[in-house]
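Below, each chain spelled out in residue letters.
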Amino acid sequence: MKAGAAEALSAGEHQGAERALDVERVREDFPILKQKVHGKPLVYLDNAATSQKPVTVIEAEERFYREYNSNIHRGVHQLSERATKAYEDARVKIQHFLNAGEAREIVFVRGTTEAINLVAAAYGRKNVQAGDEILITAMEHHSNIVPWQILCEEKGARLRVAPVNDRGEMIFEEFEKLLNSRTRLVSVTHVSNVLGTINPVREIVEAAHRMNVPVLVDGAQAAPHLKVDVRELDCDLYAMSSHKIFGPTGIGVLYGKARLLEAMPPYQGGGDMISSVSFEKTIYNVIPYKFEAGTPNIAATIGLGAAIDYINQLGLDNVAAYEHELLEYATEALSGIPGVRMVGTARQKASVISFVLDGIHAHDVGTVLDQEGIDSKCRPPRGPRWPSIIRRRRSTGWWRASKR
Ligand code: PMP
């Protein structure tokens, strides 16, 4: 990592978020932010869709291809050993990032979407029968809706949806009412990508476990903003994407409690997920390799490891504190604009901001902002919970200085 950001942090240890995170210096770590868009300095607010990459991540991937590109877990030659070590080191970094008990509980996948599909396919194939139920909430991303619809359709099972209130919070009593002896899995988002709502995952897990139901948490939007501790949450499965935490695209993580992963059948068949193959019988590899069929995205996994190093050096607590300041600043500033209506006002909220602008289509707002060099997400409603409103969403990244 470049000296800049890490040094900038140490100065502000006890002095509040603004000091702890010297945003102007952190911005220097992101080459993409140095450009102009339509002649204006780029302001990137679309972090909920994907984050930008610090130079250390870009260089880690490049170094792999320049210096030790080779396949992993196969060759005994030096390049392969180096690649395997870097790949497995990334697994240990993620283990510590999520505070998982063991590295073998970390499965590399393409992203949150694939992690959820893996669980739907592997856990669902074995454990879900006709008449069973999967329980989600009304604030889920499509990635945490559609895999369950596919599974339910195949199995004759039923998808149940816990409602949310007008603030954008899951109604806990309704969720509890929907939990029953037919529920085979609860799958909830940790942080809503549209509303910013932070779900009470610990309480959700406790309620589900009282009914012996395992819980999968979609952590795509939580991992960039909160310190995630899977053992503290006691969730059974946790999914996240590298590209939302400053890592490369095409790589993500499924954490799973070892016992649960061991009991699940494989997701895909192929190389590396087997310990022996014959035409009569194949013995599967141990976890996590049982779920990592074929040559993985080695370069991106190593890049993800570099992203974790980067976040650790910044300090996720510093990032979270600074983002909280930005969230409050932006919420207040936007609320004061006539015609702007905030969507998602949960009491526990991460730095995702959605709003509607009365009488103006989301695409028009996006086009005007783009002319100002501001990249943000704009789209008309596609989610089931907010059918009649036009959504404008911005996710404040921590490099977005409040004064700008
Ligand atoms: N869940 C949530 C809450 C998300 O915000 C996203 C990405 N927008 C996903 C799942 C899917 O993540 P990916 O596209 O990286 O698989």
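Further up the page is the structure itself.
Please read all numbers here as calculations on a predicted model, not as lab measurements. Within any chain, residue numbers begin from 1 and follow the written order of that chain's sequence. Where totals are concerned, whole chains, interfaces and linings use all residues; where local detail is concerned, this predicted model gives features only for residues with pLDDT of at least 70, and gives and counts side-chain atom pairs only at 80 or more. To get the side-chain values, take all heavy atoms of the structure and skip hydrogens and water.

(A) Highlighting the environment of Ala122. Checked against the element boundaries, Ala122 lands in helix H6 (residues 112-127). Remark: the alpha-carbon pair of Ala122 and Met264, spanning 142 residues in sequence, is separated by 5.9 Å. With residues up to four places along the chain from it excluded, the contact list for Ala122 reads Met264, Pro265, Pro266 and Phe291. Helix numbers and strand numbers start at the N terminus; a helix is a DSSP run of H or I with at least 4 residues, a strand a run of E with at least 2. Any two residues whose heavy atoms approach within 4.5 Å are treated as being in contact.

(B) Structural detail: helix H14 (residues 362-371). All of the buried residues in H14 are Ala362, Val365, Gly366 and Leu369. End-on, the buried residues of H14 take up no more than an arc of 100°, which puts them together on one face. The classification of residues rests on relative accessible area computed with a 1.4 Å probe and restricted to protein chains. Under 20% of the type maximum is buried, over 50% is exposed, and intermediate values are partly exposed. Taken from the helix axis, the directions to the C-beta atoms give the arc we talk about.

(C) Representation of the site of the ligand. Near residues are defined by distance, with any heavy atom within 4 Å of the molecule or strand qualifying the residue. Every one of the 14 residues lining the ligand counts as a neighbour, but Thr113, Asp218, Gln221, Ser241 and Lys244 are closest to it. Polar contacts, as used here, are pairs of N or O atoms within 3.5 Å; protein pairs need one atom able to donate a hydrogen and one able to accept it. Residues neighboring in sequence count only if both atoms are side-chain atoms. One of the side-chain N or O atoms of His141 is found 3.3 Å from a nitrogen atom in the ligand. Here an oxygen atom of the ligand sits 2.6 Å away from a polar atom, N or O, in the side chain of Ser241. Calculation on the ligand without its partners gives an accessible area of 390 Å², and the protein chains cover 85% of this total. Note that Gly is not counted as nonpolar here; it falls among the polar residues with everything else outside the nonpolar set of Ala, Val, Leu, Ile, Met, Phe, Trp, Tyr, Cys and Pro and the charged set of Asp, Glu, Lys and Arg. Of the residues in the shell around the ligand, the class split is 2 nonpolar, 10 polar and 2 charged. Accessible surface is estimated by sampling points in the Shrake-Rupley manner with a 1.4 Å probe; for residues, cover comes only from the protein chains shown.

(D) Expanded view of the environment of Ala223. Mapped onto the fold, Ala223 is located in the loop between strand S8 (215-218) and helix H10 (230-233). When the C-alpha positions of Ala223 and Ser241 are compared, they lie 8.3 Å apart, and in sequence the two are 18 residues distant. In this structure, Ala223 is in contact with Phe97, Val228, Tyr238, Met240, Ile245 and Leu316, ignoring residues within four places of it in sequence.

(E) Up close: the packing of helix H5 (residues 78-98) against helix H12 (residues 298-314). Angular values range over 0 to 180 degrees, each being the angle between N-to-C directions of two axes fitted as lines to C-alpha atoms, with helices fitted over their stretch in contact. Interhelical geometry of H5 versus H12 gives an angle of 40° and a closest axis separation of 8 Å. Judged by the angle between their axes, H5 and H12 are oblique. In the crossing of H5 with H12, the sense of the turn from one axis to the other is left-handed. Taking contact as the criterion, the partners of Ala83, Ala86, Tyr87, Ala90, Lys93, Ile94 and Phe97 in H5 are, on H12, Ile298, Thr301, Ile302, Leu304, Gly305, Ile308, Asp309, Ile311 and Asn312. Each residue belonging to the contact of H5 with H12 can be placed in one class, and the counts come to 11 nonpolar, 3 polar and 2 charged. Here roughly perpendicular refers to angles of 65 to 115 degrees, roughly parallel to angles under 35, roughly antiparallel to angles over 145, and oblique to all remaining angles. Whether a crossing is left-handed or right-handed is set by the direction in which the near helix is turned from the far one by less than a right angle, anticlockwise for left-handed and clockwise for right-handed.

(F) Region of interest: the pattern of salt bridges. Salt bridge criterion: a side-chain nitrogen from Lys or Arg within 4 Å of a carboxyl oxygen from Asp or Glu. Scanning the model with the defined rule gives 21 salt bridges in all. Residues Lys93 and Asp309 are paired through a salt bridge, measuring 2.9 Å at the closest nitrogen-oxygen approach. Here Lys93 is found in helix H5, whereas its partner Asp309 is found in helix H12, with 216 residues between them in sequence. According to the relative accessible area criterion, Asp309 is partly exposed, its value standing at 30%. Glu133 is paired through a salt bridge with Arg160; the nearest N and O atoms lie 3.2 Å apart. Taken together, the positions of Glu133 in strand S5 (residues 133-137) and Arg160 in strand S6 (residues 158-162) put the pair 27 residues apart, joining distant regions of the chain. By relative accessible area, which is 2% here, Glu133 ends up buried. Look at Arg160 and you get buried, because its relative accessible area is 18%.

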